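The lines below spell out each chain.
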Amino acid sequence: MTGAETEDDIPLGERKTVTDFCYLLDKSKQLFNGLRDLPQYGHKQWQSYFGRTFDVYTKLWKFQQQHRQVLDTRYGLKRWQIGEVASKIGQLYYHYYLRTSETSYLNEAFSFYSAIRQRSYYYQVNKEDRPELVVKKLRYYARYIVVCLLLNKMDLVKVLVKELSEEIEDYTQRFNTEDQLEWNLVLQEVAAFIEADPAVVLNDNSSVLVTSHRLQDGSVPPLEQGMVVGQLLLADALIVGNCNNQVKFSELTVDMFRMLQALEREPVNLATQTSKQATLEPSEKPAKRENPHKYLLYKPTFSQLYTFLSASFKELPANSVLLVYLSATGVFPVTHLDYEGPYDFGGVLTNTNRDVVNGETVQKRNQAQKEMHCLHPGDLFPFTRKPLFIVVDSSNSTAYKNFSNLFGQPLVCLLSPTVYPKSVQDQSQRGSLFTLFLYSPLLGFSSVCGLSSVRRGLWERAQDFLQKVFRDIGQMLTRSRSIDQAFLQFFGDEFLRLLLIRFVFCSATLRLHKLFRESRSFPESYPELPKQDTVESVLLQKQVLELAAMLDVQSLFWDDSLESY
């Protein structure tokens, strides 16, 4: 209530408007705060709660639009408070995306975050002597940047980072706060994240072309007519990041970020939604799931990882596949025994508060005991009761060669090189080369050839050429008479088909590259692929050399495959 007005002076209808608004605002905050208490795993438990929260925020948003004038005069509604509601709706959509993997929700989050900036909802915050309000604004910027990164809006990200930097500088000068270092670290992390890609595509005017690497219509080689492959579909994926010193932003390492996009279809273009931006009304959820559901686990402990694995396994639908992607520091066994079982090869690191020295773990235990903070191959055995597709990017990935298919279900492991040439190893902080190939084969190829930029016309010609190469690799896999059937059982799913084809291309490229001399520098798989039919195929070697010639880097490759052995 404003001025010297008493409650009796205010018309009953307007008083009711303020009361209803206060009720909706309190209810929305209560429901929003309850979201953090929901279990992060499992598909069923959270949906009804999210639905109720969406309903209240939709009512609140429409209510403040319809009664803005009354709320301005009788309640004293500030623009930053409207911004706070819009920001919460943006967060709701983002978290709904995280739980469903539907990229359409990212577009919805973007709509609300974008409107906050366009309408300057937080503009007045800097004039108030309240540091907690400025922190709300800074957090909004950080969340907006994450959504823009996931939507590949890199030009906008750079603008937002500049604005955030100015806001942080203003904040730290005005208020003597203890969180200055934390905010500066946020800036450093996002700056490093933006620069992580080893090569850029340049337009004719030398501006950077933003390229997307999500699955697009027509980008997956079709199955040959009459080809019999499995009907399994990728339903769930665990994406685990636990690499020491790798660039990250908001609990997403570069490797996690790349694999996340490799398992998503390109979202609907935002141009179709501009008419909706004017009203900013929360929309209905799409009926069909386009992407596999994903759990993003940044530096999980063993118990966290096992809990999420168990939840995914339990809820995996019939005829579906669980994918486990592990990007993590290697843990190596101390002693080698005469009999080596599934817990004797080490594995990958799970999180703990132990000391870490130079990226490898310090051993503080009886040498006869197994490493406790480690995901061993044997830890995954129980989950092979259902179709399992594993990708391991680690300095000890070969530990997972020692698998046993105990239950006869489809099982494939794609394993990274364990040793890289020094020039490649020096780039590892910006993401692994192996994951880069699985995410964008042409980016991986450019990186391993030391190309920091490629002209747009050449990039597009090379992409068209790779489409033909990938069709040929697909035929090599499906026509091979000695290939393990597990590969073909996964081949019906578009995401897994593309990962298998990109894996073969990566293997063939590194085998021909002059810097990659050791067998440990080549990717491996369980079961093994028939090399002559796939990664050492004469046709594929010829195509790798053609691509190298197209990019003018043929001197980096053995042009007679016999030279390399």
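My aim in this report is to walk through the structure given alongside it, one point at a time. This is a predicted model, so every value here is computed, not measured.

Quick look at the nonpolar core now. Ranked by internal contacts, the top residues of the largest apolar core, which has 147 residues, are Phe389, Phe445 and Phe505. Apart from residues no more than four positions distant in its own chain, Phe389 is found in contact with Val321, Leu322, Leu323, Val324, Val412, Leu414, Phe490, Leu496, Leu499 and Leu500. Ranked by size, the runner-up nonpolar core spans 30 residues in total, among them Ala235, Leu316, Leu380 and Leu411.

For the rest of this paragraph, the subject is the packing of aromatic side chains. A full pass over the atoms with the stated rule returns 34 aromatic pairs. Taking the centre distance of 5.9 Å and the plane angle of 45° together, the rings of Tyr113 and Tyr144 count as tilted. Of the two residues, Tyr113 is situated in helix α5 (residues 104-118) and Tyr144 in helix α6 (residues 131-150); the sequence distance between them amounts to 31 residues. Accessibility assignment for this pair places Tyr113 and Tyr144 in one class, buried. With a centroid separation of 5.1 Å and an interplanar angle of 70°, the aromatic rings of Tyr295 and Phe308 are classed as edge-to-face. Of this pair, Tyr295 sits in strand β6 (residues 293-298) while Phe308 is found in helix α11 (residues 302-315), placing the two residues 13 residues apart along the sequence. The exposure classification of Tyr295 matches that of Phe308, with both residues buried. Three or more aromatic residues joined by ring pairs form one cluster here, namely Trp46, Phe50, Phe54, Trp61, Tyr93, Tyr96, Tyr105 and Phe112. Over the face of the ring belonging to Phe313 we find Lys386, whose NZ or CZ atom lies 4.5 Å from the ring centre. Its guanidinium or amino end placed over the ring of Phe491, Arg497 lies 5.8 Å from that ring's centre, counting from NZ or CZ.

Let's shift gears to the sheet that holds strand β13 (residues 388-393). On the basis of which strands lie adjacent, the open sheet formed by six strands has the order β6-β3-β7-β13-β14-β16 and mixed pairing. Of all the strands in the sheet, just β6 and β16 (524-526) have a single pairing partner and so form its edges. The sheet shows a mean angle of 10° between the axes of neighbouring strands, direction not considered. As paired elements, strand β7 (residues 320-328) and β13 share six bridges and run parallel to each other. Its bridge partner lying in β13, Ser327 is registered against Asp393.

Moving on to unusual backbone geometry. Residue Pro527 is reached from Tyr526 by a cis peptide bond, and omega for that bond is -10°. Checked against the element boundaries, Pro527 lands in the loop between β16 and α18 (538-550). Here Asn245, not a glycine, exhibits a phi torsion of approximately 70°, which is positive. Look at Asn245 and you get exposed, because its relative accessible area is 60%. Even without being glycine, Lys299 reaches a positive phi, approximately 50°. Its location among the elements puts Lys299 in the loop between β6 and α11.

Further remarks concern the sheet that holds strand β9 (residues 347-349). The strands that make up a sheet pair up through hydrogen bonds in the backbone, lying either parallel or antiparallel. An order of β8-β9-β12 is seen for the three strands of this open sheet, with the pairing classed as antiparallel. This sheet does not close on itself; its edge strands, each paired only once, are β8 (330-331) and β12 (374-375). When β8 meets β9, the two strands line up antiparallel, connected through two bridges. By the bridge assignment for β9, Gly330 is matched with Val348.

Let us now look at the pairing of β13. Within β13, six of the six residues are buried, leaving the element largely enclosed by the surrounding structure. Side chains Leu388, Ile390 and Val392 project from β13 onto one buried face, and the interleaved Phe389, Val391 and Asp393 project onto a second face that is buried too. Bridging between β13 and strand β14 (residues 411-415) involves five bridges; their strand directions are parallel. Within β14, the residue paired with Val391 across the bridge is Leu414.

The axes of two packed helices give the description: the angle between them and the distance between them. Contact geometry of helix α14 (residues 441-448) with helix α17 (residues 494-512) gives a least axis separation of 11 Å together with a crossing angle of 15°. On the basis of their axis angle, the class for α14 and α17 is roughly parallel. Of the two elements, α14 crosses α17, and the hand of that crossing is right-handed. Of α17, the residues touching α14 (which contributes Pro441, Phe445 and Val448) are Arg502, Phe505, Thr509 and Leu510. Considering only residue class, the contact of α14 with α17 consists of five nonpolar, one polar and one charged.

With respect to the secondary-structure elements, Pro300 resides in the loop between β6 and α11. You can call Pro300 buried: its relative accessible area is 3%. Spatially, the C-alpha atoms of Pro300 and Asn242 are 7.5 Å apart, while their sequence positions differ by 58 residues. Among residues more than four places away in sequence, those in contact with Pro300 are Val240, Gly241, Leu305, Thr350 and Asn351.

Glancing now at helix α15 (residues 456-479). The terminal C-alpha atoms of α15 lie 35 Å apart, and with 24 residues this matches the ideal 34 Å at 1.5 Å per residue to within 8%. Within the sequence span of α15, burial applies to Trp459, Ala462, Phe465, Leu466, Val469, Phe470, Asp472, Ile473, Gly474, Met476, Leu477 and Thr478. Packed against the buried residues of α15 are β1 (200-202), α14, β15 (453-455), α16 (485-490), α17 and α18.

A word on the pattern of salt bridges. With the rule as written, the count across this model stands at 23 salt bridges. Glu163 is paired through a salt bridge with Arg117; the nearest N and O atoms lie 2.8 Å apart. A residue pair is termed long-range when its members are at least 10 positions apart, and Glu163 in helix α7 (residues 154-174) and Arg117 in helix α5 qualify at 46 residues. The partner of Arg174 in a salt bridge is Asp170, with the nearest N and O atoms 3.6 Å apart.

Calculation criteria
Residues numbered from 1 in each chain as written. Predicted model: local features only at pLDDT ≥ 70, side-chain atom pairs only at ≥ 80, totals over all residues. Heavy atoms only, no water. Core = buried A, V, L, I, M, F, W, Y, C linked by side-chain atoms within 4.5 Å. Buried < 20%, exposed > 50% of the residue type's maximum accessible area, 1.4 Å probe, protein only. Contact = heavy atoms within 4.5 Å. Phe/Tyr/Trp six-rings, centres within 6.5 Å; stacked < 30°, edge-to-face > 60°. Helix = DSSP H or I, 4+ residues; strand = E, 2+ residues; numbered from the N terminus. Lys NZ or Arg CZ within 6 Å of the ring centre and 35° of its normal. Pairing = 2+ DSSP bridges. Axes fitted to C-alpha atoms, helices over the stretch in contact; angles between N-to-C directions. Parallel < 35°, antiparallel > 145°, perpendicular 65-115°, else oblique. Left-handed = near helix turned anticlockwise from the far one by under 90°. Nonpolar A, V, L, I, M, F, W, Y, C, P; charged D, E, K, R; others polar. Expected span 1.5 Å × (residues − 1). Salt bridge = Lys/Arg side-chain N within 4 Å of Asp/Glu carboxyl O.

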